[in-house]
Amino acid sequence: MSDQRYILAFDHVGRDDVALVGGKNASLGEMYQRLASSGVRVPTGFAVTARGYRRVLDAAGIRPALTELFADLDPDDLGELAARSARARALIHDAGLPDDLAAEIVAAYRVLRERYGEDLRLAVRSSATAEDLPEASFAGQHESYLNVVGEAGLLDAVRRCFASAFTDRGVHYRARQGFDQLEVALSVGVMRLVRSDLACSGVVFTLDPESGYRDAVLVSGSYGLGEYVVQGTVEPDEFYVHKPTYRTGSRAVLRRRLGGKTVRLVTDSATGTRRDLTPAADRRRFCLDDDEVLELAGTAITIEDHFGRPMDIEWAKDGIDGLVYIVQARPETAASRGAATTLSRFVLDEHGDLVVDGHAVGSRIAVGRARVLADADHLADFRPGEVLVAAATTPDWEPVMKTAAAVVTDRGGRTCHAAIVARELGVPAVVGTVAGTAAITDGDVVTVSCAEGETGHVYRGSATFHVDQADLGELPRPRTHIMVNLGNPAVAFRTSLLPTDGVGLARMEFVISESVRAHPLALLHPERVTDDADRARLAELLEGYPDGASYFVERLSEGIGMIAAAFYPKPVVVRMSDFKTNEYADLLGGSAFEGQEDNPMLGFRGASRYAHPAYEEGFALECRAMCRVREEMGLVNVILMLPFVRRLEEADTVLARMAELGLERGRDGLQVYAMCEIPNNVILVDEFATRFDGLSIGSNDLTQLTLGVDRDNAVVAFDYDERDPGVLRMIQLAIEGCHRHGIHVGICGQAPSDYPDMAAFLVRNGIDSISLNPDSVLRTTLSVLELEEQLA
């Protein structure tokens with residue numbers, strides 16, 4: 001491609017033209033040319049090439065002055081850096097645009113105006129020649145301008161973009177990445193403004209940015225122009241889509257979370273853009289419907305496939321034509337760089353009182369003295385190793401962020417500026433705390449923990465923690481399957497990176513408690529809930545849903561779906577709800593539907609509830625949710641498991657009811673297991689084995705019922721021992737019975753996690769799988785490998 005012109009239309013720009021038009025424009029041109037036929041929409045536009053930028057420097061004769069300015073720069077002397085950067089910007093802006101360059105820009109603009117009319121509005125964006133490279137993202141280092149109108153407005157915006165080559169943050173970032181200050185040139189992208197001020201905009205990652213899990217697409221969005229999502233000014237809506245099942249034809253949102261979306265950036269005739277409050281009704285609903293989310297996910301997958309690596313994509317929906325456009329796509333440069341064979345897992349041991357919480361960024365823990373900064377004017381007060389606490393961050397804050405132990409912000413979601421930079425730096429961050437700057441006292445020692453799931457916590461004082469590390473590249477797999485117990489969808493992606501053979505126990509009741517929060521019958525019959533406050537909270541939960549059943553099915557299926565997707569295609573054994581009566585009663589509205597029991601452990605629980613008139617409607621909702629997981633989401637790796645099946649007749653009744661509700665054992669490969677946790681399950685193991693595809697030994701209840709010890713009663717705790725000879729004999733008989741019938745037998749109780757000798761006993765007796773708590777997986781895997789080698 002010739003480099004003799006200052007202007008290139010997007011249809012003449014490709015991915016190999018970074019040196020000419022910068023990373024951002026090269027990516028836009030590549031998509032405009034190559035991916036339009038695949039449904040990827042990029043606004044029409046053109047690039048002012050880096051040759052135009054150099055023409056400005058040469059025509060004004062300011063190269064020697066710029067070289068002298070940065071000859072002996074100390075990038076960590078922020079005051080001097082700011083002064084020199086300001087002088088450089090003034091030199092470029094005051095130079096103006098040479099006539100030949102300005103003429104070409106105006107001519108290209110007029111072509112766009114002829115196509116779109118006199119009311120044409122523009123987005124004018126900087127694009128650095130070292131920007132958006134896989135090894136160094138320059139995102140946010142230079143300026144962009146939205147709602148630019150007219151020839152004079154465009155020429156002024158181009159001048160300001162060129163001058164932004166030397167923003168404080170750009171100068172510092174280039175120095176940190178090892179780039180010569182004058183070797184990096186700027187191109188400027190000029191495109192039709194997508195009118196997302198009348199709709200919404202946001203960011204898409206083609207991997208989970210926190211864990212680095214590659215098989216998910218994360219879509220985030222809020223109302224208005226996109227800068228507020230990127231800057232972290234708003235807490236956006238979030239949606240996950242699972243790539244493998246999307247590719248095989250399943251079209252479903254895996255999980256969604258409603259963001260606050262308190263403000264939006266809109267166009268303004270006088271100032272270009274202005275801040276506006278989001279109407280309350282819009283805040284309470286998602287900014288995208290499922291079809292739009294899935295369209296964006298498909299577009300993101302297409303872009304990732306074309307560029308051959310995980311991508312960080314900006315999108316905007318036009319409020320006039322209703323279409324979704326891609327306005328930027330760059331390589332993701334943080335999570336995707338993690339070593340695939342090395343696992344570091346931070347584990348919190350003891351901590352002080354909770355100060356604030358928010359969205360966790362990363363999975364690390366850090367301790368430091370808090371430095372609460374009101375604005376960028378106080379950045380010089382920050383000292384290396386402190387915890388940076390601010391309302392939000394912008395690219396100007398990056399020089400101090402790189403020396404921070406951790407970052408805490410009031411505003412922002414997981415795709416905001418603070419989150420993106422913290423990931424790239426490997427610094428834990430808790431964003432969107434709302435009140436962090438008010439609740440955290442300047443100078444106090446705090447602990448920032450991002451190791452407890454999607455919610456990050458800031459604790460008072462210095463907590464204790466440890467780090468488990470393993471080199472997975474050389475770790476062989478044992479013959480005995482090592483699986484994991486899991487009930488928190490928020491940690492599913494991160495947990496899936498452990499070396500496991502799937503999930504041996506996904507606890508549905510944990511997902512109901514966390515994601516649904518209400519009793520299923522209260523959702524179906526809110527009129528039977530007598531407490532006014534509970535009814536009001538139920539109504540709040542159901543806002544935006546047609547009825548309680550829809551809410552329950554969506555929330556439960558998305559919680560289970562996250563776990564199943566994280567481990568796909570490995571098996572995920574989902575135990576149907578196993579609340580005790582008192583635990584059901586603790587759910588919102590639950591007291592209206594549950595009676596009092598003296599010993600809930602032996603009461604109305606497990607399979608006995610499922611076909612009983614008192615809970616059959618609730619079980620039907622559970623089954624609807626599981627049908628959605630397997631059929632709509634395509635997560636056929638889900639195996640269902642029935643808990644506390646006391647009698648053979650009970651097993652037959654529940655299996656028949658499941659078949660009526662669309663979950664027929666054997667249809668579409670559905671397997672159904674049962675918990676083996678009652679002595680009767682062992683005594684009649686041959687009969688139970690003909691009814692189920694596998695049995696999972698629940699050592700907690702089996703110990704309780706074999707020894708006659710209430711495991712919730714501290715007075716008799718001394719008599720509770722999973723390693724008692726009688727319990728071990730029961731486990732041995734169960735394993736032998738399953739082997740006789742050729743069905744799977746595993747264990748999912750607490751004992752193998754707590755006692756290495758129990759794991760050894762199980763391996764010696766030929767157990768097919770051991771399901772453990774996540775913190776026991778590495779230790780037990782190593783011990784099982786050693787034992788299997790001894791037995792070989």
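Residues numbered from 1 in each chain as written. Predicted model: local features only at pLDDT ≥ 70, side-chain atom pairs only at ≥ 80, totals over all residues. Heavy atoms only, no water.

A look at the overall build of the protein
In step 1: Along the backbone of the protein there are 30 helices and 30 strands.
In step 2: Taking 2.2 N^0.38 as the reference for a compact globule, 792 residues should give roughly 28 Å; the C-alpha atoms of the protein span a radius of gyration of 29 Å, in line with that estimate.
In step 3: Dimensions along the principal axes, computed over C-alpha positions, put the protein at roughly 95 × 50 × 50 Å.
In step 4: Accessible area for the protein stands at about 30000 Å²; split by element, carbon and sulfur atoms hold 47% of it.
In step 5: A gap of 3 Å separates the mean positions of the 81 positive and 118 negative side-chain charges of the protein. (Helix = DSSP H or I, 4+ residues; strand = E, 2+ residues; numbered from the N terminus. Rg over C-alpha atoms; globule rule 2.2 N^0.38 Å. Areas by Shrake-Rupley, 256 points an atom, 1.4 Å probe, with all protein chains shown as cover. Lys, Arg positive; Asp, Glu negative; His and termini not counted. Charge placed at Lys NZ, Arg CZ, Asp CG, Glu CD.)

Description of the side chain of T129
In step 1: You can see T129 is positioned in the loop between β3 (122–128) and β4 (144–148).
In step 2: Assessed through its relative accessible area of 14%, T129 is described here as buried.
In step 3: Apart from the residues lying within four places of it in its own chain, the contact partners of T129 are V18, A19, G22, A50, E183, V184 and A185. (Buried < 20%, exposed > 50% of the residue type's maximum accessible area, 1.4 Å probe, protein only. Contact = heavy atoms within 4.5 Å.)

Some points on empty space enclosed by the protein
In step 1: Scanning the model with the defined rule gives 3 cavities of 30 Å³ or more in all.
In step 2: Lining the largest cavity are V241, H242, T245, Y246, S250, A252, V253, L254, M633 and L635.
In step 3: When grouped by side-chain class, the residues that make up the lining of the largest cavity number 7 nonpolar, 3 polar and no charged.
In step 4: The space that makes up the second largest cavity amounts to roughly 50 Å³.
In step 5: Residue lining of the second largest cavity: G39, V40, R41, E295, L296, T299, V324, Y325 and I326, and that is the complete set.
In step 6: Elements with a minimum of two residues in the lining of the second largest cavity: α11 (290–307) and β13 (324–331).
In step 7: Across the lining of the second largest cavity, the residue classes tally to 5 nonpolar, 2 polar and 2 charged. (1 Å grid on protein atoms, 1.4 Å probe; cavity = no way out; pocket = protein on both sides within 12 Å on 5 of 7 lines; lining within 4 Å. Points joined across faces, edges and corners; volume = space filled by probe spheres on them. Nonpolar A, V, L, I, M, F, W, Y, C, P; charged D, E, K, R; others polar.)

Side note on the pairing of strand β23 (residues 481–486)
Two faces belong to every sheet, and in a regular strand the side chains alternate between them.
In step 1: Burial within β23 is extensive, with 5 of its 6 residues counted as buried.
In step 2: Both β23 and strand β30 (residues 769–772) contribute to a ladder of 4 bridges, which runs parallel. When the bridges of β30 are listed, V484 appears paired with L772.
In step 3: The sheet contact formed by β23 and strand β24 (residues 503–507) spans 3 bridges and is parallel. In the strand pairing of β24, L486 is matched with A506. (Pairing = 2+ DSSP bridges.)

Let's talk about the sheet that holds strand β5 (residues 186–192)
In step 1: Spatial ordering of the open sheet is given by β1-β2-β5-β3-β4, a layout of 5 strands whose pairing is antiparallel. Each having just a single partner strand, β1 (7–9) and β4 make up the two edges of the open sheet. Taken over all neighbouring pairs, the strand axes of this sheet differ in orientation by 20° on average, direction set aside.
In step 2: As paired strands, strand β2 (residues 45–48) and β5 are joined by 4 bridges and run antiparallel to one another. Across the sheet, V48 pairs through a bridge with V188, a residue of β5.
In step 3: Packing against the sheet, helix α1 (residues 18–34) makes contact with β1, β2, β3, β4 and β5, and its axis sits at approximately 125° to β3. (Axes fitted to C-alpha atoms, helices over the stretch in contact; angles between N-to-C directions.)

Brief notes about the environment of R330
In step 1: Within the fold, R330 resides in strand β13.
In step 2: Given the relative accessible area of 5%, R330 is considered buried.
In step 3: The spatial distance from the C-alpha of R330 to the C-alpha of N599 is 58 Å, given a sequence separation of 269 residues.

Here's the deal with the sheet that holds strand β6 (residues 200–205)
In step 1: Spatial strand order, β9-β8-β7-β6-β12-β13: 6 strands in an open sheet with antiparallel pairing. In this open sheet, the two edge strands, each paired with only one partner strand, are β9 (255–257) and β13. Strand after strand, the sheet turns through a mean of 15° between neighbouring axes, direction not considered.
In step 2: In this structure, β6 lies alongside strand β7 (residues 216–223), joined through 6 bridges in antiparallel fashion. Bridged to F205 within β7 is L218.

What to know about the packing of α1 against α11
In step 1: Taken N-terminus to C-terminus, the directions of α1 and α11 make an angle of 105°; their axes are 12 Å apart at the nearest point. Regarding the angle of α1 to α11, the classification is roughly perpendicular. Touching S27, E30, M31 and R34 of α1 are I303, H306 and F307, all from α11.
In step 2: Partitioned by chemical class, the residues of the contact of α1 with α11 number 3 nonpolar, 2 polar and 2 charged. (Parallel < 35°, antiparallel > 145°, perpendicular 65-115°, else oblique.)

Regarding the pattern of salt bridges
In step 1: Applying the stated criterion to the full structure yields 51 salt bridges.
In step 2: The salt bridge involving D282 is made with R285; its shortest N-O contact spans 2.9 Å.
In step 3: For D282, a relative accessible area of 16% translates into the label buried.
In step 4: Classification of R285 by relative accessible area gives partly exposed; the value is 43%.
In step 5: Taken together, the shared-partner salt bridges in this structure form one network comprising R110, R113, E118 and E151. (Salt bridge = Lys/Arg side-chain N within 4 Å of Asp/Glu carboxyl O.)

Description of the packing of aromatic side chains
Remark: the centre distance and the inter-plane angle together describe each pair of aromatic rings, the angle taken between the planes.
In step 1: According to the stated counting rule, one finds 11 aromatic pairs in the structure shown.
In step 2: Ring plane angle 15° and centroid distance 5.2 Å describe the contact between F70 and F166, whose orientation is recorded as stacked. One end of the pair, F70, is in the loop between α3 (63–69) and α4 (78–95); the other, F166, is in the loop between α6 (150–163) and α7 (168–177), and 96 residues separate them in sequence.
In step 3: A residue is classified by how much of its surface remains accessible, and F70, at 10% relative accessible area, is buried.
In step 4: Ring geometry for F579 and Y584: centres 4.9 Å apart, planes at 65°, overall edge-to-face. The same class applies to F579 as to Y584, namely buried.
In step 5: Members of the aromatic cluster, connected to one another through ring pairs, are Y213, Y240 and F493. (Phe/Tyr/Trp six-rings, centres within 6.5 Å; stacked < 30°, edge-to-face > 60°.)

Here we look at helix α18 (residues 532–541)
In step 1: Residues D534, L538 and L541 constitute the buried set of α18. Axial view of α18: buried residues confined to an arc of 60°, hence all on one face. For α18, exposure combined with an orientation more than 90 degrees from the buried face picks out D532 and E540.
In step 2: In this structure, the buried side of α18 is in contact with α16 (508–516), α17 (520–524) and α19 (548–567). (Arc of directions from axis to C-beta.)

Describing the confidence of the model for the protein
In step 1: On average, residues of the protein carry a pLDDT of 92, and 97% of them reach 70 or more.
In step 2: Confidence over residues 132–138 falls short of pLDDT 50; this stretch has 29 contacts with residues more than four positions distant or in other chains. (pLDDT = per-residue confidence, 0-100.)

Remarks on the packing of helix α22 (residues 616–632) against helix α23 (residues 648–660)
In step 1: The contact between α22 and α23 brings their axes to 10 Å, and the two run at 55°. Between α22 and α23, the interaxial angle falls into the category oblique. As α22 runs across α23, the sense of the crossing is right-handed. Residues F619, A620 and C623 of α22 form the contact with α23, whose participating residues are V654, R657 and M658.
In step 2: Broken down by class, the residue content of the contact of α22 with α23 amounts to 5 nonpolar, no polar and 1 charged. (Left-handed = near helix turned anticlockwise from the far one by under 90°.)

A short note on the environment of I743
In step 1: Residue placement: I743 occurs in the loop between α27 (725–741) and β29 (744–747).
In step 2: Residue classification places I743 among the buried positions, given a relative accessible area of 12%.
In step 3: In sequence terms I743 and T690 are 53 residues apart; their C-alpha atoms lie 8.8 Å from each other.
In step 4: Setting aside residues up to four positions removed in sequence, I743 forms contacts with A689, F692, D693, G694, L695, C738 and D768.

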